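Understanding the architecture of this molecule
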Amino acid sequence: MTQWEGQAGEDGVLIGELARRTGVSERLLRYYERRGLIAAERLANGYRDYGESAEQAVVQVRALLAAGLPTRTIRQILPCAVERSRLRPCPGVLDALREHLATLDRRADELARAREILTHTIDSTAAQSDPAPQAPRTAHA
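Keep in mind that this is a model prediction, so the values were computed, not measured. (Residues numbered from 1 in each chain as written. Predicted model: local features only at pLDDT ≥ 70, side-chain atom pairs only at ≥ 80, totals over all residues. Heavy atoms only, no water.)

Focus on the environment of V93
The topology assignment puts V93 in helix 5 (residues 93-129). Taking the C-alpha atoms as reference points, V93 and Q76, separated by 17 residues in sequence, lie 7.4 Å from one another. Among all residues touching V93, those that are not within four sequence positions of it are Q76, I77, C80 and L87. (Helix = DSSP H or I, 4+ residues; strand = E, 2+ residues; numbered from the N terminus. Contact = heavy atoms within 4.5 Å.)

Here is the structure:
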């Protein structure tokens, strides 16, 4: 390991170490940074130096993405994050979460309706295409 692959600053880590600790690829970490979800300082050599809170921020981002939240909403929520699934009651956060929950509920209803239609279509098509049972054949002597 070179001197640049492990620890960066006194309290920070380089992108490779953050990726190793979080299980998130360096490419995805760069994406999170571009979207304003995590931040890094730049060292004199241009390397990213992530602060001590970056690891927890990545865990929080992953949890919020798993909940289906878009990155623009996550960017709004992150300053209020306390733990993986707990937030401080910051202005607008509950409204954003409730709005997203309503969107998920609408999508769930649409998927349930689509599933019912597809199930009905499969059942009615199968009933038409299945050959009628035939009488057993008898052997002629």
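Topic: helix 3 (residues 54-66)
Under the 1.5 Å per step criterion, the end-to-end length of helix 3 is 18 Å for 13 residues, consistent within 8% with the ideal 18 Å. Within helix 3 the residues assigned to the buried category are A54, A57, V58, Q60, V61, A63 and L64. Two residues or fewer after helix 3 comes G68, characterised by a positive phi angle close to 90°. (Expected span 1.5 Å × (residues − 1). Buried < 20%, exposed > 50% of the residue type's maximum accessible area, 1.4 Å probe, protein only.)

Concerning the state of the cysteines
Tallied over the entire structure, the rule returns one disulfide. Between the sulfur of C80 and that of C90 lies a disulfide, 2.1 Å long from S to S. When the S-S torsion is -125°, as for the bridge of C80 with C90, the disulfide is left-handed. With a gap of ten residues between them, C80 in the loop between helix 4 (71-77) and strand 3 (81-83) and C90 in the loop between strand 4 (86-87) and helix 5 connect regions that are remote in the sequence. Assessed through its relative accessible area of 4%, C80 is described here as buried. (Disulfide = S-S within 2.5 Å.)

Some thoughts on the packing of aromatic side chains
Centre-to-centre distance and the angle between the planes together describe a pair of aromatic rings. The tally for this structure, following the rule as stated, stands at one aromatic pair. With centroids separated by 6.3 Å and ring planes inclined at 55°, the aromatic side chains of Y31 and Y32 adopt a geometry described as tilted. Taking relative accessible area as the criterion, Y31 reaches 32% and is therefore assigned partly exposed. Classification of Y32 by relative accessible area gives buried; the value is 1%. (Phe/Tyr/Trp six-rings, centres within 6.5 Å; stacked < 30°, edge-to-face > 60°.)

Here's the deal with the pattern of salt bridges
A full pass over the atoms with the stated rule returns five salt bridges. Note that R48 and E33 form a salt bridge whose closest N and O atoms lie 2.7 Å from each other. Linking R48 in strand 2 (residues 48-50) with E33 in helix 2 (residues 26-34), this pair joins segments that are 15 residues apart in sequence. Residue classification places R48 among the buried positions, given a relative accessible area of 19%. (Salt bridge = Lys/Arg side-chain N within 4 Å of Asp/Glu carboxyl O.)

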